[in-house]
Amino acid sequence: MSDKIFFLGTAGGAEAVNNQEKASGGIIIKTISNQIHIDPGPGAAYHTKKIGINLSETSIILISHGHLSHCADANSIIGAMTFQGRNPKGFLICPEDAYNKFIREEYKTAVKFFPSEISKSFEINNLKIVCSKAQHNAESTGFKIYSKNAVIGYTSDTKYFPSIHKEYEDCDILIINARDPEGKKSEHNLNISDVLKIAGKIKPKLIVLTHFGAAFQQSQHIYDARKIQKETGIQTIAADDGMIVDTDSYAVERQQKTLSGF
């Protein structure tokens, strides 16, 4: 049985999240024995139910950092997975400051909390989860998830730094938060030029771009994905809201259509 990655939203940055032209619900990864919710931002609970995923089956929540676009719905997810705290279960991995600021007191006993620290690893329900280095304007980490089928990396929000590629060298699938288009440089986030530098140094089987800021024009991120693939030879796709990636075949499902060979 393959793992599946569900993109509940692809908006990045306050302006894009606020206008909700793209959703901001984060990412769900379903493995054989786990349902992992990464960065449950605004609308995460709604969009999870909308695509037919049972919130109560969530077993692990990963929050990269304490910005609302990444954790606004964390309490809703915890409430749904623990029957409003009456059935404690599951795990939460996130920076300690995000835990202290955003998780409701009554839910702090509902899940097992592990503070995320760079290079720290966790063995949970037949999965290995490793916290990767990130440099952002908040305490932040990326994640690598080692399942039986694939190694899935998620950069979180981060600026480019010279050793970033080393954090993800063993990934089969690398999900990159590329907030800005080529030519727009942010002090705290990656743009498409940064993605090209990262991709040129590692060779995952698939790169998925997501977390697009308001500066992206309509469909621009699709052309950027094609450019990255052409220049690096690595299969690269731009995520859509509701998109599903199969980690076995690397096929992509968009609105009931399966596309491969991007």
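What this report covers is the structure whose coordinates are included nearby. Position labels on residues start from 1 in each chain and follow its written sequence. Only residues with pLDDT of at least 70 get local features here, since the model is predicted, and only at 80 or more are side-chain atom pairs given and counted; chain-wide, interface and lining totals rely on the full set of residues. The basis for the side-chain values is all heavy atoms of the structure; hydrogens and waters are excluded.

Another point: the overall build of the protein chain. A run of DSSP states H or I qualifies as a helix once it reaches four residues; a run of E qualifies as a strand once it reaches two. Both are numbered from the N-terminal end. From N to C terminus, the protein chain includes seven helices and 16 strands. Its C-alpha atoms give the protein chain a radius of gyration of 17 Å, near enough to 18 Å, the size a compact globule of 262 residues would have. Each residue's exposure class comes from its accessible area (1.4 Å probe, protein chains only) as a fraction of the maximum for that residue type: buried when under 20%, exposed when over 50%, partly exposed otherwise. Of all 262 residues assigned to the protein chain, the portion counted as buried reaches 58%. Here the contacts in the protein chain between residues at least 6 apart in sequence split such that 57% fall between residues at least 24 apart. Accessible surface, the protein chain as shown: approximately 11,200 Å² in total, 47% of it carbon and sulfur. In the protein chain, which carries 30 positive and 29 negative side-chain charges, the distance between the mean positions of the two groups comes to 2 Å. Our radius of gyration looks at C-alpha atoms and nothing else; its globule reference is 2.2 Å times the residue count to the power 0.38. Whether two residues are in contact is decided by their heavy atoms, any of which lying within 4.5 Å being enough. For accessible areas, the Shrake-Rupley method is used with a probe of radius 1.4 Å. Any residue's cover is judged against the shown protein chains and nothing else. Only four residue types enter the charge count: Lys and Arg as positive, Asp and Glu as negative, with His and the chain ends excluded. Think of each charge as sitting on NZ of Lys, CZ of Arg, CG of Asp or CD of Glu.

Looking now at the packing of aromatic side chains. Aromatic ring pairs are reported here in terms of the distance separating the ring centres and the angle at which the planes meet. Note on aromatic contacts: the rings of Phe and Tyr and the six-membered ring of Trp form a pair at centre separations within 6.5 Å, being stacked when their planes are under 30 degrees apart, edge-to-face when over 60 apart, and tilted otherwise. All told, the structure shown has four aromatic pairs when counted by the stated rule. Here the aromatic rings of F91 and F114 are separated by 6.1 Å at their centres, their planes lie at 10°, and the arrangement is stacked. Remark: F114 occurs in strand β6 (residues 112-115) and F91 occurs in strand β5 (residues 91-94); sequence separation between them is 23 residues. For F91, a relative accessible area of 21% puts it in the partly exposed group. Measuring from centroid to centroid gives 3.7 Å for Y99 and F113, while their planes differ by 5°, and the two rings are stacked.

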